[in-house]
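Commentary on secondary and tertiary structure
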Amino acid sequence: RIRGVEPGGCPHAAIREDISCNLTEVENLTREYSPEFVLLESGGDNLAANFSRELADYIIYVIDVCGGDKIPRKGGPGVTQADLLVINKTELAEAVGASLETMARDSKKQRDTGPFVMAQVKRGVGVGEIAEHILAAWTEATGGERKKRAKT
């Protein structure tokens, strides 16, 4: 199920400061469908944007190689605090003059022991590893217990 949320202002505020419109939809989806987990997405190029921990239990921050190899070095809450950093579109690095080695080095430096995945999601590269991180976090949070589905 997909629901769009219109925050009426800066979309970053709806994931950080005033999470009420997103939280309401998560509650509605949970009540209606009893999902095992809910995925929230927010777009943009604001390196300071990151989900509030009141809204998201597990955060994946995705950066695009086309933004340049300087992005991990710049840091920001998404790069440094997300549970998983995904560096996507690695196949375009050479075309845009980005160094994957630099991005990997800077990601390690900014994230300390925090994981990151180099990916080409459109081509399926790294998707399995990303899924493993998500499922490991879900298993840790739930003890691996699947919820009984409500009949819809």
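In this text the structure is predicted, and so the values were computed from the model without any measurement. (Residues numbered from 1 in each chain as written. Predicted model: local features only at pLDDT ≥ 70, side-chain atom pairs only at ≥ 80, totals over all residues. Heavy atoms only, no water.)

Concerning the overall build of the chain
On a plain count of helices and strands, the chain comes out with six helices and three strands. Taken from the N to the C terminus, the helices and strands of the chain come in the order α-β-α-α-β-α-α-β-α. Taken across its 152 residues, the chain has 33% of its residues classed as buried. Surface summary for the chain: the accessible area is close to 9,800 Å², and the carbon and sulfur share equals 50%. (Helix = DSSP H or I, 4+ residues; strand = E, 2+ residues; numbered from the N terminus. Buried < 20%, exposed > 50% of the residue type's maximum accessible area, 1.4 Å probe, protein only. Areas by Shrake-Rupley, 256 points an atom, 1.4 Å probe, with all protein chains shown as cover.)

Overview of the environment of Val86
Locating Val86 in the fold gives a position in strand β2 (residues 84-88). Between the C-alpha atom of Val86 and that of Val117, which follows or precedes it by 31 residues, the distance is 4.9 Å. When near neighbours in sequence (up to four residues on either side) are disregarded, Val86 contacts Ile60, Tyr61, Val62, Ile63, Val117, Ala119 and Ile130. (Contact = heavy atoms within 4.5 Å.)

Observations concerning the environment of Leu39
Checked against the element boundaries, Leu39 lands in the loop between α1 (20-33) and β1 (60-64). It is 9.4 Å that separates the C-alpha atoms of Leu39 and Ile2, two residues lying 37 residues apart in sequence.

Topic: the side chain of Asp106
Mapped onto the elements, Asp106 comes out in helix α5 (residues 100-111). According to the relative accessible area criterion, Asp106 is buried, its value standing at 6%. The contacts of Asp106, once residues within four sequence positions are left out, are Asp69, Pro72 and Arg73.

Observations concerning the pairing of β1
Of the two faces of β1, only the one carrying Tyr61 and Ile63 is buried; Ile60, Val62 and Asp64 on the other face are not. Taken together, the five bridges between β1 and β2 define a ladder with parallel strand orientation. Across the sheet, Tyr61 pairs through a bridge with Leu85, a residue of β2. (Pairing = 2+ DSSP bridges.)

As for the nonpolar core
In terms of nonpolar packing, the biggest core is built from 18 residues, with Tyr61, Ile63, Val65, Leu85 and Ile87 touching the most fellow members. For this core, the secondary structure elements donating two or more residues are β1, β2 and α5. Those residues within four positions of Ile87 in sequence are excluded, and the remaining contacts are Ile63, Val65, Met103, Ser107, Phe116, Val117, Met118 and Ala119. Counting residues in hydrophobic clusters, the runner-up holds five residues, among them Val86, Val117, Ala119 and Ile130. (Core = buried A, V, L, I, M, F, W, Y, C linked by side-chain atoms within 4.5 Å.)

Comments concerning helix α6 (residues 127-142)
Spanning 16 residues, α6 covers 22 Å between terminal C-alpha atoms, matching the ideal 22 Å at 1.5 Å per step. In the stretch just after α6, Gly143 is the one whose phi turns positive, near 75°. (Expected span 1.5 Å × (residues − 1).)

Looking at the pairing of β2
Across the five residues of β2, five count as buried, placing the element largely inside the fold. As defined by bridge partners, β2 adjoins strand β3 (residues 116-118) across three bridges and the pair is classed as parallel. Within β3, the residue paired with Val86 across the bridge is Val117.

Take it as geometry only, folks, not as evidence of what the structure does.
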